[in-house]
Amino acid sequence: MNKNKILLLFAHPSPHRSEVNLPLFNYAKSLDYVTAVDLYAEYPTYNIDIDKEQSRLNQHDVIIFQFPFYWYSSPSILKEWQDLVLEYGYAYGSKGTALHGKKFICAISAGGKEQAYHADGFNHFTVRELLQPFEQTANLTGMHYLPPFALFSSRSASLTNKLGSHLEQWQQLLEQLN
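Scope of this entry: the structure provided in the associated data block.

Turning to helix α1 (residues 21-29), a few remarks are in order. Inspection of α1 places Asn 21, Leu 24, Phe 25 and Ala 28 among the buried residues, and these make up the whole buried set. Seen along its axis, α1 keeps its buried residues to an arc of 100 degrees; they face one direction. Check the buried side of α1 and you find it contacts β1 (6-10), β2 (34-38), β3 (62-68), β4 (103-109), β6 (149-151) and α7 (163-177).

Shown next, in the form of structure tokens:
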């Protein structure tokens, strides 16, 4: 049976402060079917190697953007990566079909509680609604957008002993995507 190869693009500007994202990233790095890339470590000056990144995309079936959900968006390096790598003629446009049929998912952590991400909650929108630019990117590039993997109350994961359950959920997701 063919297995999917997963490309995990990790974007955390201060991973040493991460209670959830760094352990998830480190677990993913241990899997032979996951290519885990720390974008800030690989491109500290934001000088992104477009050809290298497009080659990585070409070699994988599933693309995961993993990041803390700061200010309702991704950290800046992930936006820079998208702006440069997902260029016309490669990722979209009449000849830009390189990503067609690949699966795409955002794996995010939010400091707030899950109930804050509802129409009547503190943030007034669901995570899915707030991630619509990523969903539209998937649509434009021909990828299959999967519902986001979201972990809430991430700033207190250690204090509330939820890191173990977060890791179990992450393990299950990666196995399902494989």
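Anyway, onward from the coordinates.
All right, on to the nonpolar core then. With 33 residues, the main nonpolar core has Leu 57, Phe 65, Phe 67, Trp 81, Phe 104 and Leu 131 as its most contacted residues. The set of elements that each furnish at least two residues to this core consists of β1, α2 (39-42), β3, α4 (76-85), β4, α5 (127-130) and α6 (132-141). If you tally residues by element for this core, the top one is α4, at four residues. Beyond its immediate stretch of four places on either side in the chain, Phe 104 contacts Ile 63, Phe 65, Phe 134, Ala 138, Met 143, His 144, Tyr 145 and Leu 146.

The geometry of helix α3 (residues 50-58) relative to α4 is characterised by a closest axis approach of 10 Å and an angle of 90 degrees between their N-to-C directions. The pairing of α3 with α4 is recorded here as roughly perpendicular in orientation. Facing α3, whose interface residues are Ile 50, Glu 53, Gln 54 and Leu 57, α4 presents Trp 81, Leu 84 and Val 85. Its residues placed into classes, the contact of α3 with α4 shows five nonpolar, one polar and one charged.

If you walk through the whole model with that rule in mind, you get five salt bridges. The partner of Glu 42 in a salt bridge is Arg 56, with the nearest N and O atoms 3.0 Å apart. Here Arg 56 lies in helix α3 and Glu 42 lies in helix α2, a separation of 14 residues in the sequence. With a relative accessible area of 14%, Arg 56 lands in the buried category. Salt-bridge contacts for Arg 56 lead to Glu 53; the nearest nitrogen and oxygen are separated by 2.6 Å. One end of the pair, Arg 56, and the other, Glu 53, are both in helix α3, three residues apart, so they sit about a helical turn from each other.

Looking now at the environment of Pro 75. Relative to the assigned elements, Pro 75 resides in the loop between β3 and α4. Sequence separation of Pro 75 and Pro 13 is 62 residues, and the distance between their C-alpha atoms is 6.9 Å. Not counting chain neighbours up to four residues away, the residues in contact with Pro 75 comprise Ala 11, Pro 13, Tyr 40, Phe 67 and Pro 68.

Positive phi is not limited to glycine here, since Tyr 46 has a value of about 65 degrees. Looking at the secondary structure, you find Tyr 46 in the loop between α2 and α3. On the basis of relative accessible area, Tyr 46 is assigned to the partly exposed category, the value being 29%. With a phi close to 50 degrees, Trp 71 is a non-glycine residue in the positive phi region. Positionally, Trp 71 belongs in the loop between β3 and α4.

Reading the values: the criteria
Residues numbered from 1 in each chain as written. Predicted model: local features only at pLDDT ≥ 70, side-chain atom pairs only at ≥ 80, totals over all residues. Heavy atoms only, no water. Buried < 20%, exposed > 50% of the residue type's maximum accessible area, 1.4 Å probe, protein only. Helix = DSSP H or I, 4+ residues; strand = E, 2+ residues; numbered from the N terminus. Arc of directions from axis to C-beta. Contact = heavy atoms within 4.5 Å. Core = buried A, V, L, I, M, F, W, Y, C linked by side-chain atoms within 4.5 Å. Axes fitted to C-alpha atoms, helices over the stretch in contact; angles between N-to-C directions. Parallel < 35°, antiparallel > 145°, perpendicular 65-115°, else oblique. Nonpolar A, V, L, I, M, F, W, Y, C, P; charged D, E, K, R; others polar. Salt bridge = Lys/Arg side-chain N within 4 Å of Asp/Glu carboxyl O.

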